[in-house]
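Architecture and fold: a report
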Amino acid sequence: QLQLEESGGGMAQPGRSLRLSCVASGLSLDSYAIGWFRQVPGKEREGVLCISRGGISTYVADFDKGRFAISRDNAKNTVYLQINTLKPEDTGVYFCAARSTCSSWYLRYEHWGRGTQVTVSS
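Presented here is an overview of the structure given in this document. (Residues numbered from 1 in each chain as written. Predicted model: local features only at pLDDT ≥ 70, side-chain atom pairs only at ≥ 80, totals over all residues. Heavy atoms only, no water.)

The full count for this structure, using the stated rule, is 2 disulfides. Bridging cysteine 22 to cysteine 96, the disulfide has an S-S length of 2.0 Å. Judged by the sign of its S-S torsion, about 70°, the cystine formed by cysteine 22 and cysteine 96 is right-handed. Taken together, the residues cysteine 22 in strand β3 (residues 18-25) and cysteine 96 in strand β9 (residues 92-99) connect sequence positions 74 residues apart. (Disulfide = S-S within 2.5 Å. Helix = DSSP H or I, 4+ residues; strand = E, 2+ residues; numbered from the N terminus.)

Structure below.
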C-alpha cells in the first residue's frame, strides 16, 4: 500500500523560501503522478503543481508560476515542492497526492499524505 508523508513546512517570513518534501513508502513513486495541493480554512482544496511519471510538470491552479517548482527524485522516492519569495497568501496546509496521471481535481487522487503547514508572516 502506498503511503505519503509531507515535511518541510513551518513558519517563514515573506521573501524567504521553503522546500517541501513528499516521501513515499510501501510502493515506488515511479508508478505515480504526484500533485501538490493547498488548503486554507473555509476554502476548497486547490491544486498547485503536478509532476507526471515522466517528470513533466504542469500547473493545475492559478499560482505565481515563477515562484513554484516541482521535482522528483525516484531514487529517494521523494517529490519536492519549492516555493520561493514567500508571500502571506501562500499560507495553508500543503498536501501531496498520488494517482496515475495529473489532475487539477483533488477528488481524483487515490493516495494522500496528512499535509504540512506553511505559515508566512512577518
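Turning to the sheet that holds β3, a few remarks are in order. Taking strand neighbours across the sheet as the criterion, the 4 strands line up as β1-β3-β8-β7 in an open arrangement whose pairing is antiparallel. Taken across any chain shown, the strands that pair with only one partner, and hence form the sheet edges, are β1 (3-7) and β7 (68-73). For this sheet the average axis-to-axis angle between neighbouring strands, irrespective of direction, equals 15°. Across 6 bridges, the pairing between β7 and strand β8 (residues 78-83) is antiparallel. Within β8, the position partnered with isoleucine 70 by the bridge is leucine 81. (Pairing = 2+ DSSP bridges. Axes fitted to C-alpha atoms, helices over the stretch in contact; angles between N-to-C directions.)

For any pair of aromatic rings, geometry is given as the distance between the ring centres together with the angle between the planes. Counting across every chain of the model gives 4 aromatic pairs. Ring geometry for phenylalanine 37 versus tryptophan 112: centroids 5.1 Å apart, planes at 50°, classification tilted. Within this pair, whereas phenylalanine 37 is found in strand β4 (residues 33-39), its partner tryptophan 112 is found in strand β10 (residues 111-112), the two being separated by 75 residues in sequence. A residue is classified by how much of its surface remains accessible, and tryptophan 112, at 25% relative accessible area, is partly exposed. Where phenylalanine 95 meets tryptophan 112, the ring centres are 6.1 Å apart and the plane angle is 80°; that geometry is what we call edge-to-face. Note that phenylalanine 95 is positioned in strand β9 and tryptophan 112 in strand β10, a separation of 17 residues in sequence. Within the aromatic cluster, the residues linked to one another by ring pairs are Phe37, Phe95, Tyr109 and Trp112. The ring of phenylalanine 95 has arginine 45 sitting right over it, with the charged end atom 4.1 Å from the ring centre. Its end group placed over the ring of tryptophan 112, arginine 45 keeps NZ or CZ at 4.7 Å from the ring centre. (Phe/Tyr/Trp six-rings, centres within 6.5 Å; stacked < 30°, edge-to-face > 60°. Buried < 20%, exposed > 50% of the residue type's maximum accessible area, 1.4 Å probe, protein only. Lys NZ or Arg CZ within 6 Å of the ring centre and 35° of its normal.)

Everything listed here is a matter of coordinates, which is why it stays silent on function.
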